[in-house]
Amino acid sequence: MNNKRTERRISVAVDGPSGSGKSTLSRAAAKELSLLYVDTGAIYRTTALHILRRGAAPGDAAAVAALLPEIGISLAYDGGGMQRMYLNGEDVTDLIRTQEVSMAASTVSAHPAVRAFLLEMQRELAQKHSVIMDGRDIGTVVLPGADVKIFLTAASEVRARRRWLELQERGTPRDWEQLLRETRERDEKDAGRTEAPLRPAEDSVLLDTSELDFSQSLERMIEIIRERTGL
Ligand code: DC
């Protein structure tokens, strides 16, 4: 966290659908530019994990809201800059990466009470540190005054393929058709909800990575950030 080298806090908002490469690219860009990487999806996932564990239906707004006061979320960064998530003191970093939690996170994140509950926590991180924060509504809602806003996207087939390969490599393969269906379903949910829907901020820069490989995408992302911040 090299924030002390400058008084001015820099904030970079990165939004986009699942599988657009947000987290991998944001983490790599943060490392290159000495900014703190904040994965806000992990915060929603941690909330969803608690809801599932308590046996509540993620779609039940009242039941979810009633459980929020029980949830204590904290973040810590290991030596490699990896964000670790804690739920009431328990390290849940790996537990929040299942498909069940992904779907539940998408559902619980549509409740206004959940978004309000997590908003301050996200803003505080950006007040304390120079950050690259990724999510769905960072440029539009969480950090509307961000120095740079990037909307990352890629065709749904490309995003589902990346996820499919990632799961394959992790030794937890998934059926391709089902994965593609779920990717589209989650897109619709994230973009179609009334509360903070996924959409590009008016002043965001669109970065479509459908035709770019990782290093080309990273290069372009860093270029966009440097042009606008002088980093
Ligand atoms: O980025 P992700 O797949 O880890 O996010 C999990 C879910 O959380 C995603 O389906 C939508 C939701 N989310 C959100 O609503 N707002 C954010 N800023 C980040 C994630």
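Look up a bit, the structure's there.
Computed from a predicted model, the values in this text were never measured in an experiment. (Residues numbered from 1 in each chain as written. Predicted model: local features only at pLDDT ≥ 70, side-chain atom pairs only at ≥ 80, totals over all residues. Heavy atoms only, no water.)

I tried to follow the site of the ligand on my own but got confused; where do I start?
For the ligand, the set of nearby residues contains 15 residues, the closest of which are R45, R115, R136, R186 and R193. Taking S109, its side chain carries an N or O atom lying 3.3 Å from an oxygen atom of the ligand. A distance of 3.1 Å separates a nitrogen atom of the ligand from a polar side-chain atom of D137. Protein chains bury 96% of the 440 Å² of accessible surface belonging to the ligand in isolation. Elements represented by at least two residues in the shell around the ligand include exactly α2 (40–53), α4 (99–108) and α8 (176–192). Take the shell around the ligand: its biggest share by element is 4 residues, from α2. Its residues assigned to classes, the shell around the ligand shows 3 nonpolar, 5 polar and 7 charged. (Near = heavy atom within 4 Å. Polar contact = N/O pair within 3.5 Å; in protein donor to acceptor, adjacent residues only side chain to side chain. Areas by Shrake-Rupley, 256 points an atom, 1.4 Å probe, with all protein chains shown as cover. Helix = DSSP H or I, 4+ residues; strand = E, 2+ residues; numbered from the N terminus. Nonpolar A, V, L, I, M, F, W, Y, C, P; charged D, E, K, R; others polar.)

Help me understand unusual backbone geometry, please; the structure alone is not making it clear to me.
Trans is the common state for peptide bonds, and a negative phi is the common state for residues other than glycine. Despite not being glycine, N88 has its phi angle at roughly 45°, a positive value. Relative to the helices and strands, N88 is located in the loop between β4 (83–87) and β5 (90–91). Note on N88: relative accessible area 47%, which makes it partly exposed. Even without a glycine there, the phi angle at A196 is positive, about 45°. Summarising the element assignment, A196 is placed in the loop between α8 and β8 (205–208). The buried category is assigned to A196, whose relative accessible area is 15%. (Buried < 20%, exposed > 50% of the residue type's maximum accessible area, 1.4 Å probe, protein only.)

Just to check I follow, could you spell out the packing of helix α7 (residues 156–169) against α8 for this structure?
When two helices pack together, their arrangement is given by the angle between the helix axes and the distance between those axes. Between α7 and α8, whose axes approach to 9 Å, the crossing angle comes to 125°. Between α7 and α8, the angle falls in the class oblique. Here α7 and α8 pass one another in a crossing that is right-handed. Where α7 approaches α8, its residues S156, E157, R159, A160, R161, R163, W164 and L167 are matched on the opposing element by W176, L179, L180, T183, R184 and D187. (Axes fitted to C-alpha atoms, helices over the stretch in contact; angles between N-to-C directions. Parallel < 35°, antiparallel > 145°, perpendicular 65-115°, else oblique. Left-handed = near helix turned anticlockwise from the far one by under 90°. Contact = heavy atoms within 4.5 Å.)

Would you explain the side chain of S102 in this entry?
As for its position among the elements, S102 is in helix α4. Of the residues examined, S102 reaches a relative accessible area of 2% and is grouped as buried. The contacts of S102, once residues within four sequence positions are left out, are R45 and R186.

Shape descriptors only; they carry no functional weight alone.
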